[in-house]
Amino acid sequence: MMASKGKVRGASGQHPLVQNVTVTEGGTANLTCRVEYNDNTSLQWSNPAQQTLFFGDKKALRDNRIELVRASWSELTISISDVTLSDEGMYTCSLFTMPVRTAKAYLTVLGVPERPEIDGLTKPAKEGDYITLTCMTQGSKPAADLRWFRNEKEVKGAKEVNASGKTFTVRSSLQLHVDRNDDGVAYTCRVDHVALAQAPQQATEVLEVHYAPHVEIIHSPAVPQEGQYLKLECVSKGNPSPDPVMWTKDGTDLPDLDRVIVEGRELTFTSLNKTDNGTYRCDATNHLGTSSAQYVLYVYDDPTTLPPSTTPPSHPIPPDPTALLGSHVSDPTVTGSRDPNALGQHSTDHALIGGVVAVVVFVTLCLIIVLGRYLARHKGTYLTNEAKGADDAPDADTAIINAEGNHAHAEEKKEYFI
């Protein structure tokens, strides 16, 4: 039972004081009327039909649900058990003074919604189907609120409210386009209402969705070699489960060998060899379809030799001094891994190359010196007078005269050789 904060008060002194009360259907309501000052005047409670319930400590209405809690000159408290919606209404407390003074308290009765029910679920549903889930609850007052959850995540539905007397019927629908991800998902419809604050009502349905299988092959090791163990696993997902799966090699049945073992979804080779090369296929089927996956097996040669280690020993062994004294220098145990013959051959090649380079350098220097001395001695060439005037002269005398006349231009006739 809940009492409202607002009080319906009379004036101070001989005036009754009451409170509004809210109670859940089926609960118990306590109605209390008090006066601050009373000169031995009686108090009375009446129901919404103006029927007297109690006059002081005297019960007036024969209703086994109504009982006296406390009666005195300053207080009259009664209780109504197993409250129904018909008990809701305005209750009156009267103080029989002259004139009679009254105070009114409203009793609100909450209608408890019924446990919700989910309809429209098809079991099983097929992948790609459209289905509509409907959740309904009755008897709520005020109207309840319905909420949908997909596992733990809330999803939005379409709500519809209809009045039914003093209570309400509430429906909420949820449309789904189901796929394989909905298989095994729980859809919950929860009722929220003030009368269910401590224990909300809810209903849950788990979807079962049938879908065609999907297949893939998992293998180990990554690089199969001769003599190794190899396992191929056919991983298939489908509802109903596609059991058993079928293995084939190159489009035909598997060879009947002791080395090839089929156990459920696994194909095992105990010791690989070249005859196992081929394309292996796994097929899985249910009533909705078939799926397959292939694995191309190529068996590699088993490596027989290992490459030399490049990691130096963690603790090198020092050479034995006695072995050094009794061995030649060319002994590989003394000189390490170097070939003494290869060392002498490399020294000869270096000497020959050095000699050729020295000869080339010497010859080059000699040529540079000779060319320099020649250029120094023949720095310029000078013409004789006859030669200077020989241009356009018929004889030697004329050439000399022409040369003397053109002395001022002699510089233009010089030729330099650098």
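Within each chain, residues carry numbers counting from 1 in the order of the written sequence. A pLDDT threshold of at least 70 governs which residues receive local features in this predicted model, and a stricter bar of 80 or more applies before side-chain atom pairs are shown or counted, although totals over entire chains, interfaces and linings include all residues. The side-chain values count all of the structure's non-hydrogen atoms but skip hydrogen atoms and water molecules.

Taking an unreviewed UniProt entry as the reference, the protein chain is identified by name as Cell adhesion molecule 2-like isoform X3 belonging to Betta splendens. Looking at the protein chain in UniProt, the text filed under Subcellular location (unreviewed entry) is "Membrane". UniProt positions are given in the numbering used here, feature names are shortened, and annotations may be inferred rather than shown by experiment.

Draft legend 1. Representation of the nonpolar core within the structure. Core analysis: the biggest nonpolar cluster contains 24 residues, and Val 18, Leu 31, Leu 43, Trp 45, Ile 78, Tyr 91 and Leu 107 have the highest contact counts within it. To qualify as a nonpolar core, a set must consist of buried Ala, Val, Leu, Ile, Met, Phe, Trp, Tyr and Cys residues joined through side-chain atoms within 4.5 Å. Only protein chains enter the accessibility calculation, which uses a 1.4 Å probe; a residue whose area is less than 20% of its type maximum is buried, one above 50% is exposed, and one in between is partly exposed. In terms of nonpolar packing, the next biggest core, distinct from the first, is built from 20 residues, Ile 118, Ala 144, Leu 176 and Val 185 among them.

Draft legend 2. Inspection of the pairing of strand 14 (residues 145-150) at higher detail. Only when DSSP finds a minimum of two bridges between them are two strands counted as paired. Secondary structure elements follow DSSP: runs of H or I no shorter than four residues count as helices, runs of E no shorter than two count as strands, and numbering proceeds from the N terminus. With six bridges joining them, strand 14 and strand 18 (residues 186-192) adopt antiparallel strand pairing. Its bridge partner lying in strand 18, Asp 145 is registered against Asp 192. Relative to strand 15 (residues 153-155), strand 14 runs antiparallel, the two being bridged by three bridges. In the sheet register, Trp 148 faces strand 15, and the bridge partner there is Val 155. The antiparallel pairing of strand 14 with strand 15 creates a hairpin that spans two residues between the two strands, and Asn 151 there sits at a positive phi of about 55 degrees.

Draft legend 3. Looking closely at the sheet that holds strand 23 (residues 260-263). Strand order in the open sheet formed by five strands is 12-20-21-24-23, and the pairing between neighbours is mixed. Pairing within the sheet leaves two strands with one partner each, and these edge strands are strand 12 (125-126) and strand 23. Bridging between strand 23 and strand 24 (residues 266-269) involves four bridges; their strand directions are antiparallel. Along strand 24, the bridge assignment pairs Glu 263 with Glu 266.

Draft legend 4. Layout of the pattern of salt bridges. Take a side-chain nitrogen of Lys or Arg and a carboxyl oxygen of Asp or Glu: if they are within 4 Å of each other, that pair is a salt bridge. According to the stated counting rule, one finds 17 salt bridges in the structure shown. Ionic pairing is found between Arg 65 and Asp 63, a salt bridge with its closest N-O pair at 3.3 Å. Relative accessible area serves as the criterion here: at 19%, Asp 63 is assigned to the buried category. Residue Arg 190 is joined to Asp 192 by a salt bridge in which the shortest nitrogen-to-oxygen separation is 3.4 Å. Overall, the relative accessible area of 23% leaves Arg 190 in the partly exposed class. Linked through salt bridges whose partners overlap, the residues forming this network are Arg 147, Glu 154, Arg 190 and Asp 192.

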